[in-house]
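# Close look at the chain arrangement
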Amino acid sequence: MANGEESSAAEEAAARAAKEAKGGMIKFGWVKGVLVRCMLNIWGVMLFIRMSWIVGQAGIGLTIAIILTASLVTTITGLSTSAIATNGFVRGGGAYYLISRSLGPEFGGSIGLIFAFANAVAVAMYVVGFAETVVEMLNDVDALMTDELNDIRIVGTLTVILLLGISVAGMEWEAKAQMVLLVILLGAIVNYFIGSFMTTEDKKSKGFFGYQTAIFVENLGPDFREDETFFSVFAIFFPAATGILAGANISGDLTDPQSAIPKGTLLAILITGITYVGVAISAGSCIIRDATGDLNDTLSDTVNCTDAACTLGYDFSICKEGGCQYGLMNDFQVMSLVSAFGPLITAGIFSATLSSALASLVSAPKVFQALCKDNIYPGLGVFAKGYGKNNEPLRGYVLTFCIGLAFILIAELNIIAPIISNFFLASYALINFSVFHASLANSPGWRPSFKYYNMWVSLAGAILCCVVMFVINWWAALVTLLIVLALYIYVSYKKPDVNWGSSTQALIYNQALTQCLNLTGVEDHVKNFRPQCLVLTGYPNSRPALLQLVHSFTKNVGLMVCGHVRIVRRRPNVREASQEHARCQRWLNKKRIKAFYAPVFSDSLRHGVQFLLQSVGLGRLKPNTLVLGFKSNWMDGDMNDVETYINTLHDAFDLQFGMVILRLRDGLDVSHIQDQDELLWSQEKPPVSSKDPVVSVNLAKDSDSDSCPSKTTSAQSSPLIIRDGKPALSLSEQRLLESSQQFKKKQGKGTVDVWWLFDDGGLTLLVPYLLTNRSKWADCRIRVFIGGKINRIDHDRRMMATLLSRFRIDFSDINVLGDINTKPKKHNKLMFKVLMEPYRLKEDDMDQDEAERLKAQQPWRITDNELELYKAKTNRQIRLNELLKEHSGEAKLIVMTMPLARKGAVSSALYMCWLETLSKDLPPLLLVRGNHQSVLTFYS
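Throughout what follows, the structure given in this document is the object of discussion. Predicted model, so just to flag it, every value in this text is computed and none were measured.

## A closer look at a positive patch on the surface
- There is a patch of like positive charges on the surface, built from Lys 494, Lys 495, Lys 555, Arg 592 and Lys 594.
- Among the secondary structure elements, Lys 494 is positioned in helix α18 (residues 474-494).

Next up, the structure:
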């Protein structure tokens, strides 16, 4: 089966790829698509413009350390990127796609925005580097338009407009431009190394002496100036290493991303790392830190100096006072001086800066477009739209242009570079953590074809990225992490309807499985008891009051399972049943009800409930309390159903379950009301027209809907009137719907009256305690009612107060009912007699054989002997109803110990008459009976 599914998926993927190819999509191989793009972005602006300054500040040794540190971070990230990229089909979206599909929408969504923004700011960094070079050239020929800073802004603005035009023209133009720029850049690098062997007197006065041991030794150590430190210099250099994801960012445009991304990324890191080290050693061995540029500053006999320039015949000691324009520390264009042909270096600077800016200008919109397509953040869908055969994100280009232009106006490369370092490092940290997390989750779906990675190396890489973030700028790192955290919390709260099979899901499964297994080895203890409820709701939206009340005292405390017995006479359709199960569970999740939906198919209600009682749960996570609604229509239906209902209660007690029954005056079941889900929960779905039949939703045709189906009946208590396509409810149905929502809203000031008449283990006390701890019930106070004797009321009250204090249960009042055992009023006894009359056997009016035969056929009937035997208990239920009306008629909720009936001795009809008499005409009543397992304790 699995092989068949994988084969089908492969065929589907192949068909999709073929369809895209026919549609004219531009696809690149690993060289042009990844290697070229990564090399151009890594060499970028730092290679010719800031490399000499970095060597001057940090020295050769620390510069190599900076390069190796950055290379270590990028290499580990490259390995992690390769692992993720080879673990399945990679679509467009680059780092965002890789992180979101691995760690889920929470991490992916937060880092997607930050990574897209970082790429947009990177456009500004590269363009400002280009503009600096142009302005220096203008300054050399005395052709500045205004001043240097404003000229950088003007040139930068014009440049980014030109790049926007190239990007909008499409990937074909961008790819052609990248290849031309790479050829120029390679020529410039070769030109520099050739020129490093060619010295002249004019170049010597400007600080270039060729390879000299004295210069190498002098430049080996650092000489930090202008408050620079190792970390500030590292922050300026690090953006040069951020181009490793340039290839991954166009993953949707690669012919074979799984092969191209590992090859291109890792090879680009190797080549560019060697190049940077070579340039650092070369520049540090050839060029001194400060030079005047004056040919007359040769060494004289009266000068006593020991620096490298002195040993080579020049006196540049005046530079100590400042003002020198040449040397590693002062001339950003010193590599043009060293090269064999200076204009080619300028062309290389242009190619490096423009290619990197162009790649970032293309990457940012594509990452942002992928993020917007997933619809994780509201209001961003406008940027998801693509244009043309290549689905170009034109709106994203405009947004990236605006962000880049805003930072270009800063016009300071050393200010812009550290800003983006933290954003890129945060992205790299999450990529590395993704691989560690996926490996730790040990999901069968994690099987990358790239094998040269290690989960612990990836974890070390993630930690290293975080450390480097704080080393570069602790407050910027803190702000970055806070932004990531805020976006993460937002997505976690909104819970977008996406399912990418992330490693987070796999790890949650592993943790849940491990904890469940660990829990099985722990014996139950009274201190850890919590009501774990199996609630017979039917469809979850059929009895909303029951669902909401139980959820109030189980949320984050105990297990809640919505049990549903489906009566079937034939084998159920498995596919439809599975779809319906998924729909109901989604409905619960959408309503933020922490519960499971558990349907079973059975030939009878009793058998179905037995299945649920015995099979629902896993290890210790197993229900211990059965919750159901009061059978309010028992007098109108088949008495065999009443027999089944009462036997179900006995089955629960036999299996050591506690019991809770909820009764509302207007009833609980709203499933017969058409569109009740819309009326109750304001579901966003079109109203049902008058032509629509009153039936369940066809699951096979609408399997993705979140609406939970509900039972509909033809025998409604009142007619349903349809007007203008909308159902008009009868008065009784309106009351029923209003009643069904009463536990959803916050309860005002009032009381929860607890009638603790028998010691059932404490469940009757525990449930209201948990309930009043919730915010909805926080304004309600607990009142306790107990039975007692007239002459011991004060004593019984003190005893009960002491007991509740030991149980640490707050209460507002204790009432001892001394008249609980007095006889009920005559008219109430008469009403009970009328109630039970239709269900009596009346064996005195027939011969014995006929009476026994009728009793065998209708075991629910009440015999005269039974009635006489339980006369006292009958009177007690009548009297309790009188007391309930007298003392608790205004309570928000009554929680009362449920009377028991001896199995096989008390008929179902008599027991039902007791429950009916006890609970009629009262506020919401919760009948509770524990299984005599202690659920409260004195001890800590």
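Read on for the rest.
## Some words on the pairing of strand β2 (residues 560-567)
- Where burial is concerned, most of β2 is hidden: six out of the eight residues are buried.
- Here strand β1 (residues 533-536) pairs with β2 via four bridges, running parallel. Bridge pairing in β2 links Cys 533 to Met 560.
- As for the winding sense of the linkage, the β-α-β connection from β1 through helix α20 (residues 544-554) to β2 is right-handed.
- Pairing analysis gives seven bridges linking β2 to strand β3 (residues 596-602), with the strands arranged parallel. Bridging across to β3, His 564 finds its partner in Pro 599.
- After leaving β2, the chain enters helix α21 (residues 574-590) and then returns to the sheet as β3, a path that is right-handed.

## Describing unusual backbone geometry
- Unlike most non-glycine residues, Glu 226 shows phi in positive territory, near 55 degrees.
- Summarising the element assignment, Glu 226 is placed in the loop between α9 (213-218) and α10 (230-237).

## Focus on a nonpolar patch on the surface
- Judged by side-chain polarity, Phe 470, Trp 474, Trp 475, Leu 478, Val 479, Leu 481, Leu 482, Ile 483, Leu 485 and Ile 489 come together as a nonpolar surface patch covering roughly 960 Å² of accessible area.
- In terms of residue count, the dominant contributor to the nonpolar patch is α18 (nine residues).
- Tracing the sequence through the fold places Phe 470 in helix α17 (residues 455-472).

## Comments concerning a negative patch on the surface
- Together, Asp 847, Asp 849, Glu 850 and Glu 852 make up a negatively charged patch on the protein surface.
- Mapped onto the fold, Glu 850 is located in helix α29 (residues 848-857).

## So, the pairing of strand β12 (residues 925-929)
- Summarising burial for β12: five of the five residues are buried, a large majority.
- Here β12 shows two buried faces, one formed by Leu 925, Leu 927 and Arg 929 and the other by Leu 926 and Val 928.
- Judged from the five bridges that link them, strand β5 (residues 658-663) and β12 form a sheet pairing that is antiparallel. The partner of Ile 661 across the bridge, within β12, is Leu 927.
- Bridge analysis of strand β11 (residues 893-897) against β12 gives four bridges, and the strand direction is parallel. When the sheet's bridge partners are listed, Val 895 is paired in β12 with Leu 926.
- Taken together, β11, helix α32 (residues 908-919) and β12 form a β-α-β motif whose crossover is right-handed.

## Details of the nonpolar core
- Residues Phe 48, Phe 237 and Tyr 276 are the most contacted members of the largest nonpolar core, which totals 132 residues.
- When residues no more than four places from it in sequence are discounted, the contact partners of Tyr 276 are Ile 42, Trp 43, Met 46, Leu 47, Met 51, Ile 67, Phe 237 and Ala 240.
- Core analysis: the next-biggest nonpolar cluster, separate from the first, contains 59 residues, Val 616, Leu 628, Ile 646 and Ile 894 among them.

## Side note on the packing of aromatic side chains
- Applying the stated criterion across every chain yields a total of 28 aromatic pairs.
- On the basis of an interplanar angle of 75 degrees and a centroid distance of 5.9 Å, the ring pair of Phe 117 and Phe 407 is categorised as edge-to-face. Highlighted residues: Phe 117 in helix α5 (residues 105-140) and Phe 407 in helix α15 (residues 394-408), separated in sequence by 290 residues.
- Given the relative accessible area of 16%, Phe 407 is considered buried.
- Judged by centre distance (6.3 Å) and plane angle (90 degrees), the ring pair of Tyr 911 and Trp 914 falls under edge-to-face. Linking Tyr 911 with Trp 914, this pair stays in helix α32, spanning three residues, or about one helical turn.
- For Tyr 911, a relative accessible area of 2% gives the class buried.
- Each member of the aromatic cluster is reached from another via a ring pair, and the members are Phe 115, Phe 230, Phe 231, Phe 234, Phe 238, Phe 424 and Tyr 428.
- The positively charged end of Lys 385 is found above the aromatic ring belonging to Tyr 387, 5.2 Å away from the centroid.
- Lying across the ring of Tyr 493, Arg 592 places its NZ or CZ 5.0 Å from the centre.

## Quick word on the packing of helix α16 (residues 413-441) against α18
- Packing of α16 against α18 brings their axes to within 10 Å, and their N-to-C directions diverge by 50 degrees. Judged by the angle between their axes, α16 and α18 are oblique. The chirality of how α16 crosses α18 is right-handed. Residues Asn 422, Phe 423 and Ala 426 of α16 pack against Ala 476, Ala 477 and Thr 480 of α18.
- Here the residues of the contact of α16 with α18 are counted per class, giving four nonpolar, two polar and no charged.

Rules of the game
Residues numbered from 1 in each chain as written. Predicted model: local features only at pLDDT ≥ 70, side-chain atom pairs only at ≥ 80, totals over all residues. Heavy atoms only, no water. Patch = residues over 30% accessible without salt bridge, like charges linked within 9 Å, V, L, I, M, F, W, Y side chains within 5 Å. Areas by Shrake-Rupley, 256 points an atom, 1.4 Å probe, with all protein chains shown as cover. Salt bridge = Lys/Arg side-chain N within 4 Å of Asp/Glu carboxyl O. Lys, Arg positive; Asp, Glu negative; His and termini not counted. Charge placed at Lys NZ, Arg CZ, Asp CG, Glu CD. Helix = DSSP H or I, 4+ residues; strand = E, 2+ residues; numbered from the N terminus. Buried < 20%, exposed > 50% of the residue type's maximum accessible area, 1.4 Å probe, protein only. Pairing = 2+ DSSP bridges. Right-handed = clockwise from strand over helix to strand, strands pointing away. Core = buried A, V, L, I, M, F, W, Y, C linked by side-chain atoms within 4.5 Å. Contact = heavy atoms within 4.5 Å. Phe/Tyr/Trp six-rings, centres within 6.5 Å; stacked < 30°, edge-to-face > 60°. Lys NZ or Arg CZ within 6 Å of the ring centre and 35° of its normal. Axes fitted to C-alpha atoms, helices over the stretch in contact; angles between N-to-C directions. Parallel < 35°, antiparallel > 145°, perpendicular 65-115°, else oblique. Left-handed = near helix turned anticlockwise from the far one by under 90°. Nonpolar A, V, L, I, M, F, W, Y, C, P; charged D, E, K, R; others polar.

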